[in-house]
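# Structural overview
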Amino acid sequence: MSKAAVAALGGDPGRAVLSIPRYARTDLQIGEVTVRAGDLVLLDIRAANHDPTVFPSPDRVDVTRQGPAHVSFGHGAHYCLGAPLARIELQAVFCQLLARFPTMRLAVPVEQLRVRSNAVTGGLTSLPVEW
Ligand code: HEM
């Protein structure tokens, strides 16, 4: 995880944030960790799309990425029902925002950004910008 991402988590990379719960259906070996069938596994969403062997420079925002499909909307049986709506909303926001405010930038050092811990959806407590 990048220093900026750790800073956004209040400086503690181990701090629990939004996790997706799953129960293992079979025994699994993930690195040095053995997961037994029936174990509860909490999937930390901060790790999604951040395997550098799959997503080069994963912390860099690059809207021209052509690489493998991301898993931001999940995968499989529980794939996000609202994904089509979310895509329309995000396209509208980013197209309009950048066109209207092309010089928009962060108004505070990235280390000062804080992740909300009281909302299931996560996000930042605030995102001060200037232009
Ligand atoms: C950028 C916006 C969004 C992101 C990143 C997102 C992400 C996700 C992810 C990762 C899951 C899978 C959870 C799991 O595997 O347990 C999910 C499920 C779901 N999402 Fe979204 N979502 C977004 C927007 C929305 C919107 C706008 C709606 C509804 C209008 C919505 C409704 C749902 C529902 C109902 C599920 C549960 C699907 C199921 O369990 O079968 N989401 N979302």
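## Examining the site of the ligand
- Taken together, 14 residues sit near the ligand, with Arg 22, Ser 72, His 78, Cys 80 and Gly 82 positioned nearest.
- One nitrogen or oxygen atom from the side chain of Arg 22 is found 2.6 Å from an oxygen atom belonging to the ligand.
- Contacts to the ligand include His 78, whose side-chain N or O atom sits 2.7 Å from an oxygen atom.
- For the shell around the ligand, the secondary structure elements donating two or more residues are β1 (19–23) and α2 (83–100).
- With three residues, α2 is the largest single contributor of residues to the shell around the ligand.
- In the shell around the ligand, the residues fall into nine nonpolar, four polar and one charged.

## Observations regarding the coordination of the iron atom of the ligand
- The protein supplies the iron atom of the ligand with one donor atom, Cys 80 (SG), which lies at 2.2 Å.
- Inspection of the secondary structure assignment puts Cys 80 in the loop between β4 (40–44) and α2.

## A look at unusual backbone geometry
- Phi angles above zero are rare outside glycine, and Asn 49 is one such case at about 65°.
- Counting through the fold element by element, Asn 49 comes out in the loop between β4 and α2.
- The exposure class of Asn 49 is buried, given its relative accessible area of 17%.
- At Ser 57, a residue that is not glycine, the phi angle is positive and equals roughly 45°.
- By the secondary structure assignment, Ser 57 is in the loop between β4 and α2.

Calculation notes
Residues numbered from 1 in each chain as written. Predicted model: local features only at pLDDT ≥ 70, side-chain atom pairs only at ≥ 80, totals over all residues. Heavy atoms only, no water. Near = heavy atom within 4 Å. Polar contact = N/O pair within 3.5 Å; in protein donor to acceptor, adjacent residues only side chain to side chain. Helix = DSSP H or I, 4+ residues; strand = E, 2+ residues; numbered from the N terminus. Nonpolar A, V, L, I, M, F, W, Y, C, P; charged D, E, K, R; others polar. Donors = N, O, S within 2.8 Å, 3.2 Å for Na, K, Ca; no water. Buried < 20%, exposed > 50% of the residue type's maximum accessible area, 1.4 Å probe, protein only.

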